[in-house]
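Each chain is listed here by its residues.
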Amino acid sequence: MHKDLKLFIELAEILLEEEANNTVAKPIDTDKLYQTLDLQLNDAPALDEEFKSTLLQIVKNTPKTASTSFFNQLFGGRIGKATLGDLLAVMLNNSMYTYKVAGPQVGIEKVILNKICDIIGYGNESDGTFAPGGSMSNYMAMLMARDKYNSTIRNEGVTNKMVAYTSEASHYSIAKNASFIGIGRNQVRRIKTNAFGQMLAEDLEHQIKLDIKKGYQPFFVNATAGTTVLGAFDNTKTISNVCKTYDLWLHLDGAYCGSVIFSKKYKHLVEGIEHTDSFSVNAHKMLSTPLSCSIIVVKNKTYLHQSLTNDAEYLYQTNDDDFNLGKTSLQCGRRNDALKLWTLWKSVGNKGLEHIVNHQFKLADIARDYINNHSDYKLYSFDDSISVCFNYKNIPANILCTKLYQSAKLMVGYGNFNDTEFVRMVTINSVLKEEDIIAFFKTIESFVEAEKL
Ligand SMILES: *Cc1c(COP(=O)(O)O)cnc(C)c1O
């Protein structure tokens, strides 16, 4: 093991150097991948030197998500204290289902969950768990809602039309999850949004009434804190009033930007969050922990137990169930995703998390200012969002982004809203500085000039 750890540190040092000097890995065409890198598995073991040099090649050629040129996805960057926690979790290798097997790691997970429930005003009956990602957090929310409103389904299966509501700008996992839980994709209503990409409460209410009239059973509304393209925040307060009127479960999908709860300055974007039934947040997005670190909390823990508990005598042999987290998780064996968030949180405090969140909004302000002050750009996104959407010199966004990637200049993606396609730059890497944002635009400008796009 000592030898492997030494190799690990050597490779990690090289990665850090590469990230600094060579911020985008030159992509390998898929049809050349197996010729370029020795990925095949053989009968004979690899020699030490060969093993090491292959690993080195793989490290160098893997997309660098922590560099100053990565703006492609809703995660990015690296905070040392969080990575440290995840590395330790790998070494400790516990499974989070029982206190007997995970010990203090259970306490760590519970402290995080309690703290988040506290911050959002969920009260004493609340609890939560760590899910394998934001999509699965949403899945658990929908599952709990299904079982709350129709307690026979767990044994009998679905026999009536149950309807879920989510905005047309929400994450695709909602439709996928509707098929997983057995209500079917066709029972998901895609609610219209306003010009800012926020769900329209009037259209929501209109659709609910139509479904009731048809004899269907509305049961679940998903609101989003940070939509995938524009980074818009649905109005939780207004939507919660509709949910109250019709007695529906309200979930707030905060996978992308739910971390605003840690910021005094930006938590108003989820005003009314205390009126939701469940809330999910990905710490691997705005809080920059390594993937995955997704949390779901529920105001009334009865539903978490109702939908997820299964007795298993071979597993739960000691301690009270409050410390046997397998009683409320989706998986059986479960990786420790809590420690990386705890090491980060412990080391920087609430104040540090607040700073991480605020800084991302500040970087987005800088990007929007740059766009607004340069007439070759057109801005499509709005204030209070860390997604900055724009076009440059009317160059089709998909062409610009693809060429930047192929030339190893920048990693940035594109999206569309209201039939307009644009570049979507995400200022989620809280390690970046103002000059990195300016450099992003300068890179685009010199690239377009050189390539005569
Ligand atoms: C990223 C995201 C998800 C999915 O999270 P994963 O961890 O990738 O499964 C769900 N909803 C929203 C709004 C997201 O941005």
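Conventions adopted
- Residues numbered from 1 in each chain as written.
- Predicted model: local features only at pLDDT ≥ 70, side-chain atom pairs only at ≥ 80, totals over all residues.
- Heavy atoms only, no water.
- Helix = DSSP H or I, 4+ residues; strand = E, 2+ residues; numbered from the N terminus.
- Rg over C-alpha atoms; globule rule 2.2 N^0.38 Å.
- Buried < 20%, exposed > 50% of the residue type's maximum accessible area, 1.4 Å probe, protein only.
- Contact = heavy atoms within 4.5 Å.
- Lys, Arg positive; Asp, Glu negative; His and termini not counted.
- Charge placed at Lys NZ, Arg CZ, Asp CG, Glu CD.
- Axes fitted to C-alpha atoms, helices over the stretch in contact; angles between N-to-C directions.
- Parallel < 35°, antiparallel > 145°, perpendicular 65-115°, else oblique.
- Left-handed = near helix turned anticlockwise from the far one by under 90°.
- Domains from an automatic or database assignment.
- Arc of directions from axis to C-beta.
- Pairing = 2+ DSSP bridges.
- Near = heavy atom within 4 Å.
- Polar contact = N/O pair within 3.5 Å; in protein donor to acceptor, adjacent residues only side chain to side chain.
- Areas by Shrake-Rupley, 256 points an atom, 1.4 Å probe, with all protein chains shown as cover.
- Nonpolar A, V, L, I, M, F, W, Y, C, P; charged D, E, K, R; others polar.
- Patch = residues over 30% accessible without salt bridge, like charges linked within 9 Å, V, L, I, M, F, W, Y side chains within 5 Å.
- Salt bridge = Lys/Arg side-chain N within 4 Å of Asp/Glu carboxyl O.
- Core = buried A, V, L, I, M, F, W, Y, C linked by side-chain atoms within 4.5 Å.

1. Re the overall build of the protein
Of the regular secondary structure elements, the protein holds 15 helices and 12 strands. In summary, the protein has a C-alpha radius of gyration of 23 Å against a globular reference of 22 Å for 453 residues, a match within 12%. Taking the principal axes of its C-alpha atoms as reference, the protein extends roughly 60 × 55 × 45 Å. Expressed as a percentage of its 453 residues, the buried residues of the protein come to 51%. Here the analysis covers contacts within the protein between residues at least 6 apart in sequence; of these, 73% occur between residues at least 24 apart. Looking at charge distribution, the protein has the averaged site of its 48 positive side-chain charges lying 2 Å from that of its 51 negative ones.

2. Quick notes on the packing of helix H7 (residues 134–149) against helix H9 (residues 173–180)
As a packed pair, H7 and H9 sit with axes 9 Å apart at the nearest point and diverge in direction by 50°. Considering the angle they form, H7 stands oblique to H9. The crossing of H7 and H9 is right-handed. Between H7, through Ser 135, Met 136, Asn 138, Tyr 139 and Met 142, and H9, the contact on the second element is made entirely by Ser 173, Ile 174, Asn 177, Ala 178 and Phe 180.

3. Comments concerning the domain arrangement of the protein
Along its sequence, the protein is organised into domain 1 (2–65) and domain 2 (95–341). One C-alpha centre belongs to domain 1, the other to domain 2; they are set 38 Å apart.

4. A word on helix H12 (residues 301–308)
Here H12 has its buried residues at Tyr 303, Leu 304, Ser 307 and Leu 308. Axial view of H12: buried residues confined to an arc of 105°, hence all on one face. Structurally, H12 contributes buried residues whose contacts are with strand E2 (127–131), H7, helix H8 (153–156), strand E6 (249–254) and strand E8 (294–298).

5. Overview of the side chain of Thr 129
With respect to the secondary-structure elements, Thr 129 resides in strand E2. Accessibility expressed as a relative area gives 2% for Thr 129, which makes it buried. Not counting residues within four places of it along the chain, the set of residues in contact with Thr 129 comprises Glu 109, Leu 113, Met 140, Ser 294, Ile 295, Ile 296, Leu 304, Thr 328, Ser 329 and Arg 334.

6. Regarding the sheet that holds strand E12 (residues 420–426)
In spatial order, the strands read E1-E11-E12-E10-E9; together these 5 strands make up an open sheet with mixed pairing. Either end of the sheet is taken by a strand with one partner, and the two such strands are strand E1 (70–71) and strand E9 (377–379). Across 3 bridges, E9 lies against strand E10 (residues 387–392) in antiparallel orientation. Bridging across to E10, Lys 378 finds its partner in Asn 391.

7. A short note on the site of the ligand
Taken together, 14 residues form the shell around the ligand, and within it Gly 134, Ser 135, Asp 253, Asn 282 and Lys 285 come nearest. Separating an oxygen atom of the ligand from a backbone N or O atom of Gly 134 is a distance of 2.7 Å. Here the ligand has 390 Å² of accessible area as a free molecule, and 85% of this is covered by the chains. Ranked by residue count, the leading element in the shell around the ligand is H7, at 3 residues. In terms of residue class, the shell around the ligand is made up of 3 nonpolar, 9 polar and 2 charged.

8. Some details on the packing of helix H14 (residues 397–406) against helix H15 (residues 434–451)
Following both chains from N to C, one finds H14 and H15 inclined at 95°, their axes separated by 11 Å at the closest point. When the axis of H14 is compared with that of H15, the two are roughly perpendicular. Taken together, the residues of H15 that come into contact with H14 (itself represented by Leu 400, Lys 403 and Leu 404) are Ile 444, Phe 447 and Val 448.

9. Some words on a nonpolar patch on the surface
There is a patch of nonpolar side chains on the surface, built from Met 1, Leu 5, Phe 8, Ile 9, Leu 87 and Met 91 and spanning about 580 Å² of accessible area. Among the elements of the structure, helix H1 (2–21) and helix H4 (80–92) are those that each provide at least two residues to the nonpolar patch. Top element by residues in the nonpolar patch is H1. It accounts for 3 residues. When you line up the elements, Phe 8 lands in helix H1.

10. Some remarks on the nonpolar core
Nonpolar side chains tend to gather and get buried jointly when the protein is soluble and globular. The biggest cluster of nonpolar side chains holds 58 residues, and the ones touching the most others in it are Ile 112, Ile 116, Val 221, Phe 279, Ile 295 and Val 297. With 9 residues, the top contributor of residues to this core is helix H13 (residues 338–372). Apart from the residues within four sequence positions on either side, Val 221 is in contact with Tyr 165, Met 199, Leu 204, Ile 239, Cys 243, Leu 248, Trp 249, Leu 250 and His 251. Ala 367, Cys 401, Phe 441 and Ile 444 belong to the second largest nonpolar core, which has 27 residues in total.

11. Focus: the sheet that holds strand E3 (residues 162–167)
Spatially, E2-E8-E7-E6-E5-E3-E4 is the arrangement adopted by the 7 strands of the open sheet, whose pairing is mixed. What marks the edges here is a single partner per strand, and that holds for E2 and strand E4 (188–191). Neighbour to neighbour, the strand axes of the sheet diverge by 20° on average, direction disregarded. As paired elements, E3 and E4 share 4 bridges and run parallel to each other. If you follow Ser 167 over to E4, its bridge partner there is Ile 191. Sheet strands touched by helix H11 (residues 236–246): strand E5 (217–224) and E6. Its angle to E6, the strand with the most contacts, is close to 155°.

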